[in-house]
Amino acid sequence: MLDQIHLLAAVTVLGVLEQAYFFLQVIYARRAFGISPPKISGPPEFERIFRAQVNSSEYFPIFLALLWQAGLFFHQGLAAALGLVYLYARYRYFVGYKASSSERLDWCSSCPGAGLCPQPQSP
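Student: What am I meant to see in the overall build of the protein here?
Tutor: The secondary structure content of the protein amounts to 3 helices and 0 strands. Secondary structure elements of the protein occur, N-terminal to C-terminal, as α-α-α. With 123 residues in all, the protein has 34% of them scored as buried. Taking the intrachain contacts of the protein between residues at least 6 apart in sequence as the baseline, contacts between residues at least 24 apart amount to 62%.

Put into structure tokens, the structure is as follows:
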């Protein structure tokens with residue numbers, strides 16, 4: 001049984017580590033901008049980091065459920081590979097949002113699956 005889930009488990013651990021990294025970024029931003037919990041508002045730089053972390057946390061349970069269901073009922077290797085792609089995309093989203101809220105999806109236009117990524121609408 002273990003040989004059937006080792007890739008899924010590895011991607012899950014990487015996802016948890018990524019979430020921990022995002023949490024640490026919020027902690028460092030709180031210290032840098034002097035914002036103590038439970039406050040969630042402050043300078044735009046802090047709010048972008050906080051919002052990117054919250055966005056990532058909101059979708060993490062859905063990611064885990066889909067990863068494990070696809071891996072157990074379809075194909076472990078493909079599910080793990082797509083899970084890694086998702087984790088990379090989530091990291092790029094976080095870094096882009098941290099820089100500027102309008103840049104959170106800019107990297108997406110140059111990726112191979114650009115048609116799958118939502119594109120920002122210009123006014």
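What follows continues from the structure just given.
Student: Explain the packing of helix H2 (residues 44-73) against helix H3 (residues 76-99) here, please?
Tutor: Helix packing for two helices is described by the angle between their axes and how far apart those axes are. Their axes nearest at 10 Å, the elements H2 and H3 cross at an angle of 175°. Of the possible angle classes, the one that applies to H2 and H3 is roughly antiparallel. Of the residues in H3, those touching H2 at Arg-48, Ile-49, Arg-51, Ala-52, Gln-53, Asn-55, Ser-56, Tyr-59, Phe-63, Leu-67, Ala-70 and Gly-71 are Gln-76, Ala-79, Ala-80, Gly-83, Tyr-86, Leu-87, Arg-90, Tyr-93, Phe-94, Tyr-97, Lys-98 and Ala-99. Considered class by class, the residues forming the contact of H2 with H3 number 14 nonpolar, 6 polar and 4 charged.

Student: I'm lost on the packing of aromatic side chains in this one. Help?
Tutor: Pairs of aromatic rings are described using the distance from one ring centre to the other and the angle between the two planes. A full pass over the atoms with the stated rule returns 8 aromatic pairs. Considering the side-chain rings of Phe-60 and Phe-63, the 6.0 Å spacing of their centres and the 35° angle between planes classify their relative orientation as tilted. A residue pair is termed a helical-turn pair when its members lie 3 or 4 positions apart in one helix, as Phe-60 and Phe-63 do in helix H2 at 3 residues. As far as the burial class goes, Phe-60 and Phe-63 line up, both buried.

Student: Please explain the environment of Gly-83 as it appears in this structure.
Tutor: Secondary-structure assignment places Gly-83 in helix H3. What makes Gly-83 buried here is its relative accessible area of 3%. Once the C-alpha coordinates of Gly-83 and Leu-64 are considered, the two residues, 19 residues apart in sequence, prove to be 8.8 Å apart. What Gly-83 contacts, discounting residues up to four positions off in sequence, is Val-11, Phe-63 and Leu-67.

Student: Explain the pattern of salt bridges to me, please; I cannot follow it from the model alone.
Tutor: A full pass over the atoms with the stated rule returns 1 salt bridge. Glu-58 is paired through a salt bridge with Arg-51; the nearest N and O atoms lie 3.4 Å apart. Here Arg-51 falls in the partly exposed class, since its relative accessible area comes to 31%.

Student: Would you mind showing me how to read a nonpolar patch on the surface here?
Tutor: A surface patch of nonpolar side chains, amounting to about 360 Å² of accessible area, comprises Val-13, Leu-14, Leu-17 and Leu-84. For Leu-17, the position within the fold is in helix H1 (residues 6-33).

Student: Explain H3 to me, please; I cannot follow it from the model alone.
Tutor: Helical geometry: 3.6 residues make up each α-helical turn, so side chains three or four residues apart lie on a common side. Taking 1.5 Å per residue as the helical rise, H3 with its 24 residues ought to reach 34 Å, and the 35 Å between its terminal C-alpha atoms agrees with that figure. When we look at burial in H3, the residues that qualify are Gln-76, Ala-79, Ala-80, Gly-83, Leu-87, Arg-90, Tyr-93, Phe-94, Gly-96 and Tyr-97. Buried residues along H3 sit against H1 and H2.

Conventions and cut-offs
Residues numbered from 1 in each chain as written. Predicted model: local features only at pLDDT ≥ 70, side-chain atom pairs only at ≥ 80, totals over all residues. Heavy atoms only, no water. Helix = DSSP H or I, 4+ residues; strand = E, 2+ residues; numbered from the N terminus. Buried < 20%, exposed > 50% of the residue type's maximum accessible area, 1.4 Å probe, protein only. Contact = heavy atoms within 4.5 Å. Axes fitted to C-alpha atoms, helices over the stretch in contact; angles between N-to-C directions. Parallel < 35°, antiparallel > 145°, perpendicular 65-115°, else oblique. Nonpolar A, V, L, I, M, F, W, Y, C, P; charged D, E, K, R; others polar. Phe/Tyr/Trp six-rings, centres within 6.5 Å; stacked < 30°, edge-to-face > 60°. Salt bridge = Lys/Arg side-chain N within 4 Å of Asp/Glu carboxyl O. Patch = residues over 30% accessible without salt bridge, like charges linked within 9 Å, V, L, I, M, F, W, Y side chains within 5 Å. Areas by Shrake-Rupley, 256 points an atom, 1.4 Å probe, with all protein chains shown as cover. Expected span 1.5 Å × (residues − 1).

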